[in-house]
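Here's the letter readout for the chains.
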Amino acid sequence: MSLTLNDWIARAERREVHVAIIGLGYVGLPLALLFAEEGIRVTGFDIDPQKVASLNAGRSYIHRVEPTAIAAAQAAGFTATTDIAKLHACDAILICVPTPLHPDHTPDMSFVTSTIEALAPYTRIGQLIVLESTTYPGTTDEIIVPTLERLGPPGTQVLRNPEAAPAKNRHPEGSEGYASLPLNSEEATLTGLLVAFSPEREDPGNTTTSRRDIPKVIGGVDSLATAAAVALYSTIFTRTVTVSSPAAAEMTKLLENIYRGVNIALVNELKQLCLAMGIDIWEVIDAASTKPFGFQAFYPGPGIGGHCIPVDPFYLSWRARQFNQPTRFIELAGQVNEAMPAFVLRTIEHALEHKGKTLAASSILILGIAYKRDVDDLRESPALTLFDLLERTGAQVAYNDPFFPTVGRGRHYKLETASTPLEQVSTFDCVVLVTDHTAYNIPALVAASKLFIDTRNATRGLTSPNIIRC
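Draft legend 1. Geometry of helix H2 (residues 28-37). Burial within H2 is extensive, with nine of its ten residues counted as buried. Backbone geometry just after H2 places Gly39 at a positive phi near 80°.

Draft legend 2. How the structure looks around helix H9 (residues 281-288). Residues Ile281, Trp282 and Ile285 constitute the buried set of H9. All buried residues of H9 project into a common sector of 100° when viewed along the axis, lining one side. Its side-chain oxygen 2.9 Å from the backbone nitrogen of Trp282, Asp280 forms the N-cap of H9.

Draft legend 3. Spatial organisation of the nonpolar core. Core analysis: the largest hydrophobic core is formed by 48 residues, its most contacted members being Trp8, Ile21, Phe35, Leu94, Leu194, Leu232 and Tyr233. Among the elements that make up this core, the one with the highest residue count is helix H7 (residues 223-233) (nine residues). Look past the residues within four positions of Tyr233 in its chain and what remains in contact with it is Phe35, Leu94, Val130, Glu132, Ser198, Lys216, Ile218 and Thr240. Core analysis: the second largest hydrophobic core is formed by 40 residues, Val112, Ile129, Leu254 and Ala333 among them.

Draft legend 4. Focus on the side chain of Asn466. Here Asn466 is to be found in the loop between strand E16 (452-454) and strand E17 (467-469). For Asn466, the side chain forms a polar contact with the side chain of Lys355, separated by 3.5 Å. Within the local environment of Asn466, its side chain forms a polar contact with the backbone oxygen of Lys450, the two atoms lying 3.4 Å apart. Sequence-distant contacts of Asn466, that is, excluding residues within four places in its chain, are made with Lys355, Ser449, Lys450, Leu451 and Phe452.

Draft legend 5. Representation of the environment of Thr135. Note that Thr135 resides in the loop between strand E5 (128-131) and helix H6 (139-151). The class of Thr135 is buried, set by a relative accessible area of 0%. Among all residues touching Thr135, those that are not within four sequence positions of it are Met109, Phe197, Glu250, Leu254 and Tyr315. Polar side-chain contacts of Thr135 include one of 2.6 Å to the side chain of Thr139.

Draft legend 6. How the structure looks around the sheet that holds strand E11 (residues 363-367). Strand order in the open sheet formed by five strands is E12-E11-E15-E16-E17, and the pairing between neighbours is parallel. With partners counted over all chains shown, the strands left at the sheet margins are strand E12 (396-400) and E17, one partner each. The sheet shows a mean angle of 20° between the axes of neighbouring strands, taken without regard to direction. Relative to E17, E16 runs parallel, the two being bridged by three bridges. Residue pairing in the sheet places Ile453 in a bridge with Ile468 of E17.

Draft legend 7. Summary view of empty space enclosed by the protein. Counted under the stated rule, the structure contains two cavities of 30 Å³ or more. A volume near 140 Å³ is recorded for the largest cavity. In terms of lining residues, the largest cavity is bounded by 14 residues, among which Leu31, Arg201, Glu202, Lys216 and Phe237 are the most central. Residue contributions to the lining of the largest cavity peak at three residues, all from H2. Tallied by class, the residues present in the lining of the largest cavity amount to eight nonpolar, no polar and six charged. Empty space within the second largest cavity amounts to approximately 30 Å³. Looking at the second largest cavity, the residues that line it are Ile304, Ile309, Pro310, Pro313, Phe314, Gly334, Asn337 and Glu338. Those elements that place two or more of their residues in the lining of the second largest cavity are helix H10 (312-321) and helix H11 (328-338). A total of three residues in the lining of the second largest cavity trace back to one element, the largest contributor, which is H11. Residues belonging to the lining of the second largest cavity are distributed by class as follows: five nonpolar, two polar and one charged.

Rules of the game
- Along every chain, residues carry numbers that run from 1 in the direction the sequence is written.
- Note on the predicted model: pLDDT of at least 70 is required for a residue's local features to be given, and 80 or more for side-chain atom pairs to be given and counted; whole-chain, interface and lining totals, by contrast, use all residues.
- Excluding hydrogens and water, the side-chain values take into account all heavy atoms of the structure.
- Relative accessibility decides the category of a residue: with a 1.4 Å probe and only protein chains considered, values under 20% of the type maximum give buried, values over 50% give exposed, and everything between is partly exposed.
- We count a stretch as a helix when DSSP gives it H or I for four or more residues in a row; a strand needs E for two or more, and each element gets its number in order from the N terminus.
- Our arc is simply the arc of the directions from the helix axis toward the C-beta atoms.
- Throughout this description, a polar contact denotes any pair of N or O atoms lying within 3.5 Å of each other; where both atoms belong to protein, one of them has to be capable of donating a hydrogen while the other can accept it, and for residues adjacent in sequence the pair is counted only when both atoms sit in side chains.
- For the purposes of this section, nonpolar cores are sets of buried Ala, Val, Leu, Ile, Met, Phe, Trp, Tyr and Cys residues that join through side-chain atoms within 4.5 Å.
- We call two residues in contact when some of their heavy atoms are within 4.5 Å.
- Criterion used throughout: strands pair if DSSP finds at least two bridges between them.
- Whenever a helix is involved, its axis is fitted only over the stretch in contact; in every case the axis is a line through C-alpha atoms, and angles between N-to-C directions fall within 0 to 180 degrees.
- Put plainly, a pocket is an open set of points on a 1 Å grid over the protein atoms alone with protein on both sides within 12 Å along at least five of seven lines, a cavity is a set where a 1.4 Å probe fits but cannot get out, and a lining residue has an atom within 4 Å of a point.
- Grid points are joined across faces, edges and corners, and a volume is the space filled by probe spheres set on the points.
- Gly counts as polar in this scheme, as do all residues outside two lists: the nonpolar Ala, Val, Leu, Ile, Met, Phe, Trp, Tyr, Cys and Pro, and the charged Asp, Glu, Lys and Arg.

Here's what the structure looks like:
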């Protein structure tokens, strides 16, 4: 049975599409729940059988995802599986797999390439395939499309419509940007795969902005893919924004996060200068924030974490070198932010020296191992780097985090230890606040500590000779 673009869009609008989401982590699982809330059938795919078993048993492994949300999704038809062959029955395949860095700061695309290679044999004409993972410009055109055509069923092709010259307009209703369609293309029979890139915009811990209200950027390989993706995402997002190509969408994601990374690096560097000059950087930022134009507040810290901000600058700088284009400004920002845990280490060392102690003979408690306040996410957390740096000095290091009763092994860490109860704070030579979870009673912790290193300005307004702000 032939399928036209109009058919595809109509099925999406009637919530009759079957959506597959590959990668049920911090991005994929919340996305699956959004579709399920709309009554859209969702099948989740993951290579981790424990995650699949947990979800099918109605259990959540992400703090901000309640078991009731899993149960509601199951009532709407949500299931999880490790069987990639079941993708053949799905109308749309959304890929939300990790895109980390290699130790040499080059992109690790192994999760993306292995996923595309695994799913390609189970594709069929008329399917929409969208990569959501953060990546460098050119990934969709240079990896996704060729792999699908090479490993898909005989005759597999990705639809490319050279007649669809991008033009600024609004099509369909509720979207904006570049989404021009050639005349009568809605009636055209879909003879291949629809492929697009649409970057995730998750903000863990954000309780003020609904996921539905975060505009969804979409760039299709051609206008037909863009239109199909807009129809799909419009079922769960209030606003969609289309761009002229997957590469433009890929660059959009990098720009968003590099913008933040560069500005955080700026205030991190200014913080160190202000400390040397005896100036309160937080007071300065507050004062500058009163300007009603031309300034946006960014705040310093012990380093940056999460998947995107620490990673994206290196994705782009790696790609830029292939075009012989230097990105010195971006690379410098990445270096400044990466160096912040070492700056905290030096602060701890100097503070202990003033008390007549050395790092090697000291016990250190890190408060907050997650990368961000009130999230259960360890990805690229500066606390992990600081933990490692401290251990290398010979210090005895422990941590406390209400979101992590235990920490095992990860890609770049192997703590294999349990959270230390806060009742033991007074037994440590130094307490370092790295992540300022709201559960922490800061005045009480300061009072119980022999030495309190504050990297988050959480002690503002408190006076104690044992507080060192850095």
